[in-house]
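Spelled out, the chains give:
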Amino acid sequence: MKDYEIWLAPGDAALRLSAGLPHSFLYEAMRLSPRRRGSFLAARALLQVMLAKSTGLKVLPRLEILGGGKPCLPCRQAFFNISDSGSLIAVGLCRRGPVGVDLEQEGRRRNHSVLEKGLLTPAEQAYLNESGELRATALLGLWTMREAALKHSGVGLAGLRKLHVHEAVRDGGDAAGEVRADPEIAETLSLEAGRQEALRLDCVRVLKTGTMAPAVLSYTWHEMRPVLRWWDGTEDEAAELKAEIMLEAWLSADTRNISIAFPKGCQRRERKQERK
């Protein structure tokens, strides 16, 4: 297993493994509503499978809860983030540092009018207007990028109003290359002087595979993009997924200030995802 992977799985397939979780998770799930109980157990069962492959840790330990409500592993051998949408579960696991992951299945009835009416920048609104029949997908992308950024920082949706989204002018290259920390970008993103890379934020469209309908996935990364995989519970290994990068941005995030900076024009990135 690579240093950073995101696995997508059907919730019912992962849920079948939940009997192997420590009893503390089963007791915790009983306090949740029936609707949330299944996704809670499925996500932690999938995390346990990934941890075993990544670190050799066979049993998921009791999780610590940070100040903003973000769960984490007490051993800090790896960092994870969880998202679910409809029948899908997404778990990101990284050995290098904290991550934020957010997933939305296409075609689900979701009301994002509050985002479109009050929180989009002019550049984002122009991006939506140019998206044509994929407008709904594009809006999901802008929403999941915000959620992934907030989840990375550990504040969750409670910090939505203090998340700043804007354009940033970059010194040469395109959004797929290295970030040059020129003074303007450094001030905007709180980058250290001379630092060559910023925390990154991608939004991808995961193409249909097996029983999975298309979905929009956003995630944070630094130095290397994650490997995306599909696990349906029938095989020991998870198959690599194909995804198209829709949007890319730079991210500066802590519990007090969260800033997303899009390349000039917030333009769609119609290309296959490339590995670093």
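Everything numeric here is computed off the predicted structure, so don't read it as measured data. (Residues numbered from 1 in each chain as written. Predicted model: local features only at pLDDT ≥ 70, side-chain atom pairs only at ≥ 80, totals over all residues. Heavy atoms only, no water.)

## Observations concerning the overall build of the protein
- Counting its regular elements, the protein contains seven helices and 14 strands.
- Expressed as a percentage of its 276 residues, the buried residues of the protein come to 53%.
- Considering only contacts within the protein whose residues lie at least 6 apart along the sequence, 61% involve residues at least 24 apart.
- Accessible area for the protein stands at about 12900 Å²; split by element, carbon and sulfur atoms hold 50% of it. (Helix = DSSP H or I, 4+ residues; strand = E, 2+ residues; numbered from the N terminus. Buried < 20%, exposed > 50% of the residue type's maximum accessible area, 1.4 Å probe, protein only. Contact = heavy atoms within 4.5 Å. Areas by Shrake-Rupley, 256 points an atom, 1.4 Å probe, with all protein chains shown as cover.)

## Here's the deal with the sheet that holds strand β1 (residues 4–10)
- The strand order across the open sheet formed by five strands is β4-β5-β1-β10-β11, and the pairing between neighbours is mixed. The strands lining the two open edges of the sheet, one partner per strand, are β4 (79–85) and β11 (239–240).
- The pairing of β4 with strand β5 (residues 88–94) spans seven bridges and is classified as antiparallel. Directly across from Ile-82, in β5, lies its bridge partner Val-91.
- Packed on one face of the sheet, helix α3 (residues 34–55) meets β1, β4 and β5 and runs near 35° to β5. (Pairing = 2+ DSSP bridges. Axes fitted to C-alpha atoms, helices over the stretch in contact; angles between N-to-C directions.)

## Focus: the pairing of β4
- With five of seven residues buried, β4 lies mostly within the body of the structure.
- Hairpin connection between β4 and β5: a loop of two residues separates the two successive antiparallel strands, and Gly-86 in this loop has a positive phi of roughly 60°.

## Regarding the pairing of β1
- Most of β1 sits inside the fold, with seven of its seven residues counted as buried.
- Burial along β1 is two-sided: the face carrying Tyr-4, Ile-6, Leu-8 and Pro-10 and the face carrying Glu-5, Trp-7 and Ala-9 are both buried.
- Pairing of β1 with β5, which is carried by seven bridges, proceeds in the antiparallel orientation. Bridge assignment links Ile-6 to a residue of β5, and that residue is Gly-92.
- In terms of strand pairing, β1 meets strand β10 (residues 227–230) through four bridges, oriented parallel. Paired with Leu-8 across the bridge in β10 is Trp-230.

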